[in-house]
Amino acid sequence: MTERQRRQRGAAVLSGIVAGVCVCAAGCSGTGRAAEDGPVGDPVEILHRAADALVEAGTSKARTSMEMATGGTRVTIRGQGVYDYRRQLGELKVMLPQDPAGTSEHRPITELLAPGALFMKNRGAGVPADKWVRVETATLSDGNLVTGGATDPFAAAEVLRGTRTATYVGRTEVAGTQVRHYRGTADLTAAARDASAGGRDALRAAARGFATAHVPFDAYLDDEGRIRKVRHRFAFVNGRGADDGRGTDEGRDGRAGRDAQAGHGGRAGAGGAGGQGGEGGQGARHGEAVAVASTTLLYDFGAPVNVRLPAARDIYAGRIAED
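In short, a report on the structure.

About the cut-offs
Residues numbered from 1 in each chain as written. Predicted model: local features only at pLDDT ≥ 70, side-chain atom pairs only at ≥ 80, totals over all residues. Heavy atoms only, no water. Helix = DSSP H or I, 4+ residues; strand = E, 2+ residues; numbered from the N terminus. Buried < 20%, exposed > 50% of the residue type's maximum accessible area, 1.4 Å probe, protein only. Areas by Shrake-Rupley, 256 points an atom, 1.4 Å probe, with all protein chains shown as cover. Salt bridge = Lys/Arg side-chain N within 4 Å of Asp/Glu carboxyl O. Phe/Tyr/Trp six-rings, centres within 6.5 Å; stacked < 30°, edge-to-face > 60°. Lys NZ or Arg CZ within 6 Å of the ring centre and 35° of its normal. Contact = heavy atoms within 4.5 Å. Core = buried A, V, L, I, M, F, W, Y, C linked by side-chain atoms within 4.5 Å. Polar contact = N/O pair within 3.5 Å; in protein donor to acceptor, adjacent residues only side chain to side chain. Arc of directions from axis to C-beta. Pairing = 2+ DSSP bridges.

### A word on the overall build of the protein
And step 1. Regarding its fold elements, the protein presents nine helices and eleven strands.
And step 2. Within the protein, the proportion of its 323 residues that are buried is 55%.
And step 3. Total accessible area computed for the protein in this model is approximately 13300 Å², and 46% of it derives from carbon and sulfur atoms.

Here it is in structure tokens:
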């Protein structure tokens, strides 16, 4: 089995996740008004450090949601799990929505997140129930920021390393915790340059594969600088693949980008995303852009996390059936 075939298998499974959806279609510090009401420094610099604050925290629980529009109907993929920021390992249970009639239930997909790799179980599509599918995230057109149905929590934080502009909106509350709300735009190319070694290649792929490398976001940080909630608005080019005329052999010969785009870009009909690049001077690169909103909620910092990656014998080596 060649390396290229293995990547193609994984890409086919990933494309089915979002394609199937489209077809179915910590309190106040109490130290005074300055701490209570105002920012604690330059918003851009604060956001650049947000991922490091998570590493310092060690671990947390996480909830994710991914929203897109298809056929005039907005659908949401939800996930829940845990993450170890020092090891960059996480586990999420991702739940696909029911079909429009509400009669088809999907088993949760177990996703293991690791530097440069995504492992999935209970995907179906001809994969035995006791086997995992492994995908290299750097081979995907979006670096797996969207394709797997959930954004890796640490990748979501590392996107903020590329913050170009940001403003402080004010104090608010997320899940009972007082937070500072920031709104801005991140550049994926800059984020990749400053990212950890484990996330750099995936963010580079995303910078090339999205309709624009500029990502609007809303981030909510607690008084220790840790992300409690972040919402990114990504833009895909309708009908374009990972290669987009610039990619690698995997992008040209494999189905990673083409199938993924068909799943969450080609069929998702959310309008208006093409204008997102205007703030940074870079609009949609080709064709019509479609929007996907990804929200990550982090809580219960210090929670126990025990993620074990599958052994080689447990990774599926057969053919993936296309949905």
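Picking up after the structure, the text goes on.
### Re the pattern of salt bridges
And step 1. Summed over the entire model, instances satisfying the criterion amount to 13 salt bridges.
And step 2. Residues E136 and R134 are paired through a salt bridge, measuring 3.8 Å at the closest nitrogen-oxygen approach.
And step 3. As a salt-bridge pair, R171 and D223 come within 2.8 Å of each other at their nearest N and O atoms. Pair noted here: R171 is in strand β7 (residues 163-174) and D223 is in the loop between β9 (214-221) and β10 (227-237), with a separation of 52 residues, a long-range link.
And step 4. Overall, D223 belongs to the partly exposed group, its relative accessible area being 31%.
And step 5. The network of salt bridges with shared partners includes D222, E224, R226 and R228.

### Focus: the packing of aromatic side chains
And step 1. The final tally for this structure, using the stated rule, is four aromatic pairs.
And step 2. Centroid distance Y83 to Y85: 5.0 Å. Interplanar angle 35°. Geometry classified as tilted. We note that Y83, like Y85, is buried.
And step 3. Linked through ring pairs, Y83, Y85 and F154 together constitute an aromatic cluster.
And step 4. When the ring centre of Y299 is taken as origin, the NZ or CZ atom of R63, which lies over that ring, is 4.8 Å away.
And step 5. Sitting over the face of the ring of F301, R226 holds its NZ or CZ atom 4.4 Å from the ring centroid.

### Some points on the environment of A51
And step 1. Examined against the element boundaries, A51 turns out to sit in helix α4 (residues 50-57).
And step 2. Its relative accessible area of 0% is what places A51 among the buried residues.
And step 3. For the pair A51 and A157, spaced 106 residues apart in the sequence, the C-alpha separation amounts to 5.0 Å.
And step 4. Ignoring anything within four residues of it in the chain, the contact list for A51 reads F154, A157, E158 and R161.

### Comments concerning the nonpolar core
And step 1. Counting residues in each nonpolar core, the largest one holds 58 residues, and the members touching the most others are L145, L188 and I227.
And step 2. No other element matches helix α5 (residues 153-159), which puts five residues into this core.
And step 3. Apart from residues lying up to four places away in sequence, L188 is in contact with L145, V159, L203, A206, A207, F210, A213 and V215.
And step 4. Counting eight residues, the second-largest nonpolar core is a separate cluster that includes L89, A114, A117 and W132.

### Some points on the environment of G58
And step 1. Tracing the chain through its elements places G58 in the loop between α4 and β1 (59-70).
And step 2. Linking G58 and G302, residues 244 residues apart in sequence, is a C-alpha distance of 6.3 Å.
And step 3. When near neighbours in sequence (up to four residues on either side) are disregarded, G58 contacts Y83, D84, Y85 and R86.

### Points about the side chain of E67
And step 1. Mapped onto the secondary structure, E67 falls in strand β1.
And step 2. For E67, a relative accessible area of 18% puts it in the buried group.
And step 3. Separated by 2.9 Å, the side chains of E67 and R231 make a polar contact.
And step 4. With residues near it in sequence (within four places) discarded, E67 still touches R74, V75, T76, R231, A291, V292 and A293.

### Comments concerning α4
And step 1. Along α4, the residues that are buried comprise A50, A51, A53 and L54. Relative to the axis of α4, the buried residues are bounded by an arc of 155° and lie together on one face.
And step 2. For α4, the elements touching its buried residues are α3 (43-48), α5, β9, β10 and β11 (289-299).
And step 3. A positive backbone phi angle near 95° is found at G58, which sits one or two residues after α4.

### Considering the pairing of strand β3 (residues 89-95)
And step 1. Here strand β2 (residues 73-84) runs beside β3; their pairing, made up of seven bridges, is antiparallel. Looking across to β3, one finds that Y83 is bridged to G90.
And step 2. Taking the residues between adjacent antiparallel strands as the criterion, β2 and β3 are bridged by four residues, where Q88 takes a positive phi near 55°.
And step 3. As defined by bridge partners, β3 adjoins strand β4 (residues 109-114) across five bridges and the pair is classed as antiparallel.

### Quick notes on unusual backbone geometry
Leave glycine aside and you will find that most residues have negative phi; peptide bonds, for their part, are mostly trans.
And step 1. A positive phi angle, close to 55°, is found at Q88, a residue other than glycine.
And step 2. Looking at the element boundaries, Q88 is found in the loop between β2 and β3.
And step 3. Looking at Q88, the relative accessible area reads 14%, which means it is buried.
And step 4. The phi torsion at A175 lies on the positive side, around 50°, for a residue other than glycine.
And step 5. Here A175 is to be found in the loop between β7 and β8 (177-187).

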